[in-house]
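Spelled out from the first residue to the last, the chains are:
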Amino acid sequence: MIVHKHPNGIFINNITDFDLEQTLDCGQCFRFSKTKDGGWYGFAGNRVLTLRSLNAGVLFENISLDDFEGFWRQYFDFDRDYAAIRSSFPDHPALRESTNFNRGMRILRQDSWETLISFIISQNNNIPRIKGIIERLCRAFGEQIANGFGFPSSTALSVLTKQDLEVLRCGWRTEYILDAAQKVSSGQVDLAEIAAMPLDHARKALQTIKGVGPKVAECVLLYGMGRMEAFPLDVWIKRAMKELFPGFTPQSFGQYAGIAQQYIFHYCRCNPESCRK
DNA sequence: GCCCAGGGAATCG
DNA sequence: CGATTCCATGGG
């Protein structure tokens, strides 16, 4: 990857394995959307970003080199070699098909708190509606940033009541959100500490929060704590494991199982017939 | 109208 | 332990 200053921000090229749609619309994050002119616009924590594909590269609009090097480089996981990771995967036709389908997908290294709340909201829910609930959460309780709103802090949410959260229309998940906010803001659950724990300890620690079970914990570890071996088993992946990878376990995919999982997840959602709906 | 969604808690046996 | 049931809401 080569990073250039550009009149409108930062331009990167000579990058392999990076496609905006495959990365920002593959179900790992909920705060980016396509703009009318074909770019992407969204938020990460209290940062806002507009980006677009341009001349075989990507333009990050209106940011400084410090913004890019100090935040977005890590956020987009640009220092990881995805081709090398793909070649570490077991040789399997369905896995090859999945990785060929969306080679430009990268795992975003999101904020752990934002990821925790986002995937609590995701449970037994569909992606368009998850996005709507998170948008209302930010609008009601987040800080205004540019034309939108940042993600509210655990402290901001910890002082709220169930009634306050009725504007979200997210059903029974409200008490899960409040429990998470209270435990994180009080320090009873320390997300930075959990991120550094051995995997099974980290799983158990996350599951002390109400509404966090095995699947949500796995998502927080993978998308919010950079633990690439974490392997969320949602309904799609369970279907794929049964139909396409009989005999496989998450460990069969190796040290970067979570990344394999994401290739498979997005492939199955875009090609439901091949995962036998 | 109906089925289902990036599940988890509570409650059985 | 595993299996079942209920949970609130609305997208497609």
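Conventions adopted
Residues numbered from 1 in each chain as written. Chains lettered and ligands numbered in written order. Predicted model: local features only at pLDDT ≥ 70, side-chain atom pairs only at ≥ 80, totals over all residues. Heavy atoms only, no water. Pairing = 2+ DSSP bridges. Helix = DSSP H or I, 4+ residues; strand = E, 2+ residues; numbered from the N terminus. Axes fitted to C-alpha atoms, helices over the stretch in contact; angles between N-to-C directions. Buried < 20%, exposed > 50% of the residue type's maximum accessible area, 1.4 Å probe, protein only. Arc of directions from axis to C-beta. Contact = heavy atoms within 4.5 Å. 1 Å grid on protein atoms, 1.4 Å probe; cavity = no way out; pocket = protein on both sides within 12 Å on 5 of 7 lines; lining within 4 Å. Points joined across faces, edges and corners; volume = space filled by probe spheres on them. Nonpolar A, V, L, I, M, F, W, Y, C, P; charged D, E, K, R; others polar.

K.L.:
Tell me about the sheet that holds strand β2 (residues 9–13), residues and numbers included.
P.N.:
The antiparallel open sheet is built from 6 strands, whose spatial order is β1-β2-β6-β5-β4-β3. A single partner strand is all that each edge strand has here, and the edge strands are β1 (2–6) and β3 (32–34). For this sheet, the mean inter-axis angle between neighbouring strands, taken without regard to orientation, is 25°. Strand direction decides the pairing type here: strand β4 (residues 40–44) and strand β5 (residues 47–54), joined by 5 bridges, are antiparallel. Residue pairing across strands places Phe43 opposite Val48, the latter belonging to β5.

K.L.:
Can you break down helix α2 (residues 65–75) residue by residue, with the values?
P.N.:
Because each turn of an α-helix spans 3.6 residues, side chains separated by three or four positions in sequence point in the same direction. If you check which residues of α2 are buried, you get Phe68, Trp72, Arg73 and Tyr75. Each buried residue of α2 lies within a common arc of 140° when the element is viewed along its axis, so the set occupies one face. Every exposed residue of α2 that faces more than 90 degrees away from the buried side is listed here: Asp66 and Gly70. Buried residues along α2 sit in contact with β1, β2, β3, β4, β5 and β6 (57–61). A positive backbone phi angle near 60° is found at Asp77, which sits one or two residues after α2.

K.L.:
Now, about empty space enclosed by the protein: what can you tell me, with residues and values included?
P.N.:
Scanning the entire structure with this criterion turns up 1 cavity of 30 Å³ or more. In this structure, the largest cavity spans a volume of roughly 40 Å³. In terms of residue class, the lining of the largest cavity is built from 5 nonpolar, 3 polar and 2 charged.

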